[in-house]
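Breakdown of the fold
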Amino acid sequence: MATAQHLLAQTLTLPNGSVLPNRLAKSALSETLGTMDNRVTPALVRLYERWAQGGTGLLITGNIMVDRRALGEPGNVVIEDDRDLALLKAMAEGVARHGSRLWAQINHPGKQSPKGLNRENVSPSAIPFGKQMQAFFDTPRELTEPEILDIIARFGRAAGVVKQAGFHGVQIHGAHGYLVSQFLSPKHNVRTDGWGGSAENRRRFVLAVYQAMRDAVGPDFPIGIKLNSADFQRGGFTEEESLDLIRRRWRARRPAPSSVRPTSLNLPRRCASTSARR
């Protein structure tokens, strides 16, 4: 019988046919190694090659943003165009040289950005965080529909650039209180138009983001999503809604389906900072 060590060393074929060299993955984390104007740096190239040298099969970058006006923290990399294509290619080549695969996590913070970092924060609805966190986060401005459509297009554009650079996949950040998560939550999204209200309307944003990315990268490129199983807030995004989103995405899938990565499944415990924020 195969040991756990042998199982971890086996290749893993994703539903779209992409093959990961083993079962080990480094999940996304925010490196904050971008420049002051949010560009890719040689430090990121070195970091990801060093991680690849350790033999991890899949490396997922953290918090690549789609708009320089909407940062989650200082030092985020932003991809709005191909100005950093050379260094992005160097990142992908450095990882591939050691047999690993590199995926880009693509994100928009919505209202979850510290005071003073952006000129303003935006969200599906102009709802502030709870009293414990209002000293750190401004009340956001509600997005207009043209702005929503622009953000969706930006997700697609960023995905297309990283594919051009040689990355092996992308991940939508749909968890942890950022913009996609805000759209999904009935607590943070109280819009009365087609982007809010029912669970179906609240899902519309993330499905449109997926479609924009799919249109940009083609039918065979891996697209994953980091998705909360629930946000553990009264009146918030529920486990059943999370499962329903996954079911609907798979029913509507094209020949090359995405990988879906639920987070925190059946784990209601959370850190104090997460509890305070939510």
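Residues numbered from 1 in each chain as written. Predicted model: local features only at pLDDT ≥ 70, side-chain atom pairs only at ≥ 80, totals over all residues. Heavy atoms only, no water.

Look at helix α2 (residues 42–53) against helix α3 (residues 85–96): their axes get within 8 Å of each other, and the N-to-C directions meet at 15°. In terms of their interaxial angle, α2 and α3 are classed as roughly parallel. The handedness of the crossing between α2 and α3 is right-handed. Here P42, L44, V45, Y48, E49 and A52 of α2 come into contact with α3, specifically with L87, A90, M91, G94 and V95. Taken together, the residues of the contact of α2 with α3 break down into 9 nonpolar, 1 polar and 1 charged. (Axes fitted to C-alpha atoms, helices over the stretch in contact; angles between N-to-C directions. Helix = DSSP H or I, 4+ residues; strand = E, 2+ residues; numbered from the N terminus. Parallel < 35°, antiparallel > 145°, perpendicular 65-115°, else oblique. Left-handed = near helix turned anticlockwise from the far one by under 90°. Contact = heavy atoms within 4.5 Å. Nonpolar A, V, L, I, M, F, W, Y, C, P; charged D, E, K, R; others polar.)

A separate point is the pairing of strand β10 (residues 223–228). Within β10, 6 of the 6 residues are buried, which leaves the element mostly enclosed by the surrounding structure. In terms of strand pairing, strand β9 (residues 169–174) meets β10 through 5 bridges, oriented parallel. The residue of β10 that forms the bridge with G174 is L227. (Buried < 20%, exposed > 50% of the residue type's maximum accessible area, 1.4 Å probe, protein only. Pairing = 2+ DSSP bridges.)

With that out of the way, let us pick up the packing of aromatic side chains. Across all of its chains, the model carries 3 aromatic pairs by this definition. Consider the rings of F129 and F137, whose centres lie 4.9 Å apart with planes at 50°: the pair is tilted. Of the two residues, F129 and F137, both sit in the buried class. An angle of 10° between the planes, with centres 4.1 Å apart, marks the rings of F183 and F205 as stacked. Pair noted here: F183 is in helix α5 (residues 179–184) and F205 is in helix α6 (residues 199–217), with a separation of 22 residues, a long-range link. A residue is classified by how much of its surface remains accessible, and F183, at 0% relative accessible area, is buried. A relative accessible area of 0% means that F205 is categorised as buried. Over the ring of W51 we find K26; its NZ or CZ atom is 4.7 Å from the centre of that ring. The ring of F129 has K111 sitting right over it, with the charged end atom 5.1 Å from the ring centre. (Phe/Tyr/Trp six-rings, centres within 6.5 Å; stacked < 30°, edge-to-face > 60°. Lys NZ or Arg CZ within 6 Å of the ring centre and 35° of its normal.)

Averaged over all residues, the pLDDT of the chain equals 89, while 88% of them reach at least 70. Predicted confidence for residues 254–278 stays below pLDDT 50, and this span has 58 contacts to residues more than four positions away or in other chains. (pLDDT = per-residue confidence, 0-100.)

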